[in-house]
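Here are the chains, one letter per residue:
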Amino acid sequence: MNIPTSSGSPSVPRTRKRAKQACETCKQRKRKCDGQNPCGFCVRYEYYCAFDSQPRKRTASASTRPASRTETPRSTEERPKETLDDYGDGQQEMEATSGTAFPHVLGMKLNPRDAPGVYGVSWNLGLRDKPTRSFTNVTTLLTKDDMESYARVYLNLIHPIYAILNGNDLLAAIPSRWQNADQIGGYDAVLCSVAALGSLYSGSSSIHSREAELVECAKEILEATSSVNRPSLHHLTAWILRTLYLRTTNSPHTSWMASSTAMHVAEAIGAHQDPQSGTLLYSDTRDTSGDDETRRRLFWVAVTLNSWISNEYGRSRVLTRGVSCKVPADGARDFTAELIHLYQISEKLDLEHGNDLATLLDCLNQVQITDVGPDALQLSRVNLTLTIYRRLRVSSPSIPHEALTRIIHAATVGLESAVRLANEHCPWWHVANVPFQVVCTLLAIDSRESLSIVGQAMRSLRKVSQQFQTASMRHAVDAAESLVRLSRRNKQRDLDDLKDGLDDGDLEVSEASQSMHGMTDIPELDWDAFLSADIPLLDSTSLTGT
């Protein structure tokens, strides 16, 4: 219906004006483009505005296409993978509130084609120059042969689970670095970290005497280059490797700090975003080197480590806004994608998702305790299962028997994996953590089935302690034994209470009752069989007296 204007003539319906061509940024971000160069959207939010020099011809409409050609909708398997977490975009709001970006946005508005580079101007008074530091040369700490040997240990034991770098590139970089021994480069932090991890996981007989110096060298390079200069993809790789080393050897606090720093470096270099969706906010620190799959693995492994370490330590994790990085694809020779899938399951345990019984049971069912994969990955599965139990214990007063059976089965599998790794002297952190947590879980379940495995759990923990004779493991064994003693003491008190109910004032009655029925000796009762038997409340014998 046309509403008449003041002149009495009907108004002409307004038609929507469409731009003849949209810029590449608006296409990628699915925004309305006005067709100007640069367009209004890119000017407002400071995106790089570019148009395809050869725009694609519009295809025929559905009504003019040949009738013989039909189209079918894309299946869900053909659709691109979504990001793991729905953090929301939030980039426009972040850019709008950024004081460092605003001068450049203003410059783009005043001179769109040649805006001045004023990003980050007047951040402070600039009273001091950037400090310069000298670093230890990795080639002075170990030989090329040692470096290659430790790199192979790393690729055999750690890389299959945390595949965050290209193994061929790593091996190729070693001879080149030792040929140019005086040229310290950005890859040195990666080399130091790989060598330290290789030494740590090579067994007690092959540990390098200067392992601690390798760790310190990597730390010096990372702290200087990540905080003073522009970080790079190599720095993110080295921070993740440092997190793995500290998680294996050091305190929860140092591991948490390293994992949090890795997350901040990942955001600084723009690893949380696909390369095509970058914004002005990271223009001063973005690193676009490396292939897309490697960047995705680096980012999501950093997220996984930070989340798990934070949860286990009881600290806040780093939440990054504007995540558009896709989940990495399954690797033919590694299990990194499955590790990230375990992280996906663990994400549902956050308090913001609720703690209802159905959700927790669904998470438990999603954790598949299979024989596929290395023992270190198996321990991650078991550890997640034990975490789900702890949440179930708080959320529900009654846990289904089937769920408890599944948890106890996972516990026994975890004990076997931990012992195998201990015998190989492979110091994954879960080798110590899982047996100790299994002891605690079995005591907390407090059923006949769970208590029957406490002995196996304690023997496994002692076996690990014998292989790694550290003060930390001795303390873990002592703490577990104390918990078992406390549980036995409580059980003994229960037995004493039951015995007291039979002894107090019932001796004469008991003797009289025995003499009346001709019973002088009472056989020892099999309480397990008695309690598990299907005994009706009332039977025919009790009613007839026969």
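Quick caveat, the model's predicted, so the values are computed rather than measured.

A. Geometry of the overall build of the protein chain. The secondary structure content of the protein chain amounts to 22 helices and zero strands. The burial tally for the protein chain puts 42% of its 546 residues in the buried class. When the accessible surface of the protein chain is summed, it comes to about 32200 Å², and 52% of that surface belongs to carbon and sulfur atoms.

B. Broad picture of the state of the cysteines. For the coordinates displayed, the defined rule picks out zero disulfides. You can see C26 has no disulfide; the closest cysteine sulfur is in C23, sitting 3.4 Å from it. Judged by relative accessible area, which is 2%, C26 ranks as buried.

C. Up close: helix α5 (residues 144–157). For α5, with 14 residues, the first-to-last C-alpha span of 20 Å sits near the 20 Å given by 1.5 Å per residue. Of the residues making up α5, those classed as buried are M147, E148, Y150, A151, V153, Y154 and L155. Where α5 is buried, its residues meet α6 (167–179), α7 (188–200) and α9 (233–249).

D. Unusual backbone geometry, seen in detail. A positive phi is found at H425, a non-glycine position, where the angle reads about 55°. As for its placement among the helices and strands, H425 is situated in the loop between α15 (401–423) and α16 (430–445).

E. Structural view of a negative patch on the surface. Residues D494, D496, D497 and D500 make up a contiguous surface patch of negative charge. Here D494 lies in helix α19 (residues 471–503).

F. The confidence of the model for the protein chain, seen in detail. Chain-level statistics for the protein chain give a pLDDT mean of 79 and a share of 71% at 70 or above. Ranking the elements of the protein chain by mean pLDDT puts helix α21 (residues 527–532) last with 39 and α7 first with 96. Per-residue pLDDT stays below 50 along residues 58–88; that stretch engages in 31 contacts with residues further than four places along the chain or on separate chains.

G. Spatial organisation of the packing of helix α13 (residues 357–366) against α15. One way to put it is that α13 packs onto α15 with a least axis distance of 11 Å and a crossing angle of 40°. In terms of axis orientation, α13 runs oblique to α15. The handedness of the crossing between α13 and α15 comes out as left-handed. Facing α13, whose interface residues are L361, L364 and N365, α15 presents A403, R406 and I407. The class makeup of the residues in the contact of α13 with α15 is four nonpolar, one polar and one charged.

H. Spotlight on the environment of V439. Mapped onto the elements of the fold, V439 is located in helix α16. Judged by its relative accessible area of 0%, V439 is buried. C-alpha separation for the pair V439 and M458, spaced 19 residues apart in sequence, amounts to 7.0 Å. For V439, the contacting residues outside a window of four places in its chain are A457, M458, A480 and V484.

I. How the structure looks around the packing of aromatic side chains. What the rule picks out here adds up to six aromatic pairs. Residues Y201 and W428 carry aromatic rings whose centres are separated by 5.2 Å and whose planes lie at 65° to one another, so their mutual orientation is edge-to-face. Placement of the pair is Y201 in the loop between α7 and α8 (211–227) and W428 in the loop between α15 and α16, with a sequence separation of 227 residues. Relative to W300, the ring of F299 has its centre 4.8 Å away and its plane inclined at 70°; by these criteria the two rings are edge-to-face. Relative accessible area serves as the criterion here: at 1%, F299 is assigned to the buried category.

J. Representation of the side chain of R295. Along the chain, R295 falls in helix α11 (residues 292–313). An unpaired buried charge is present at R295: no salt bridge exists, and D292, the closest side chain of opposite charge, is 5.2 Å distant. Excluding anything up to four places from it in sequence, R295 contacts L233, I269, G270, A271, Q273, P275, D287, T288, S289 and G290.

K. View of the pattern of salt bridges. Across all of its chains, the model carries 14 salt bridges by this definition. Between K326 and D274 there is a salt bridge, with its nearest N and O atoms 2.9 Å apart. Of this pair, K326 sits in the loop between α11 and α12 (336–347) while D274 is found in the loop between α10 (252–268) and α11, placing the two residues 52 residues apart along the sequence. One connected set of salt bridges, linked through shared partners, spans D274, R296 and K326.

L. Focus on a nonpolar patch on the surface. Residues F102, L106 and L110 make up a contiguous nonpolar surface patch of roughly 340 Å² in combined accessible area. By secondary structure assignment, the location of L110 is in helix α4 (residues 102–110).

M. Structural context of the nonpolar core. Counting residues in hydrophobic clusters, the biggest one holds 113 residues, and the most contacted among them are Y154, Y162 and W428. Counting contributing residues, this core receives three or more from each of domain 2 (98–109 + 116–126 + 354–499) and domain 3 (142–276 + 285–337). Residues in contact with Y162, not counting those within four places in the same chain, are Y154, L244, V301, L305, T336, L339, W428 and W429. Counting seven residues, the second largest nonpolar core, distinct from the first, contains C33, C39, C42 and C49.

N. Geometry of the environment of C23. Take C23: it is sitting in the segment before α1 (24–29). Considered as a pair, C23 and F41 are 18 residues apart in the sequence and their alpha carbons are 9.8 Å apart. Among residues more than four places away in sequence, those in contact with C23 are C33, C39, C42, C49, A50 and F51.

O. Inspection of the packing of α15 against α16 at higher detail. Their axes nearest at 9 Å, the elements α15 and α16 cross at an angle of 150°. Classified by the angle their axes make, α15 and α16 are roughly antiparallel. Crossing geometry of α15 relative to α16 is assigned as left-handed. On α16, the residues touching L404, I407, I408, A411, G414, L415, A418, L421 and A422 of α15 are V431, V434, P435, V438, T441, L442 and I445. Taken together, the residues that form the contact of α15 with α16 break down as 14 nonpolar, two polar and no charged.

P. Looking closely at the side chain of S232. For S232, the location among the structural elements is in the loop between α8 and α9. For S232, a relative accessible area of 16% gives the class buried. S232 has contacts with I269 and D287, leaving out every residue within four places of it along the chain.

The rules behind each value
Residues numbered from 1 in each chain as written. Predicted model: local features only at pLDDT ≥ 70, side-chain atom pairs only at ≥ 80, totals over all residues. Heavy atoms only, no water. Helix = DSSP H or I, 4+ residues; strand = E, 2+ residues; numbered from the N terminus. Buried < 20%, exposed > 50% of the residue type's maximum accessible area, 1.4 Å probe, protein only. Areas by Shrake-Rupley, 256 points an atom, 1.4 Å probe, with all protein chains shown as cover. Disulfide = S-S within 2.5 Å. Expected span 1.5 Å × (residues − 1). Contact = heavy atoms within 4.5 Å. Patch = residues over 30% accessible without salt bridge, like charges linked within 9 Å, V, L, I, M, F, W, Y side chains within 5 Å. Salt bridge = Lys/Arg side-chain N within 4 Å of Asp/Glu carboxyl O. Lys, Arg positive; Asp, Glu negative; His and termini not counted. Charge placed at Lys NZ, Arg CZ, Asp CG, Glu CD. pLDDT = per-residue confidence, 0-100. Axes fitted to C-alpha atoms, helices over the stretch in contact; angles between N-to-C directions. Parallel < 35°, antiparallel > 145°, perpendicular 65-115°, else oblique. Left-handed = near helix turned anticlockwise from the far one by under 90°. Nonpolar A, V, L, I, M, F, W, Y, C, P; charged D, E, K, R; others polar. Phe/Tyr/Trp six-rings, centres within 6.5 Å; stacked < 30°, edge-to-face > 60°. Core = buried A, V, L, I, M, F, W, Y, C linked by side-chain atoms within 4.5 Å. Domains from an automatic or database assignment.

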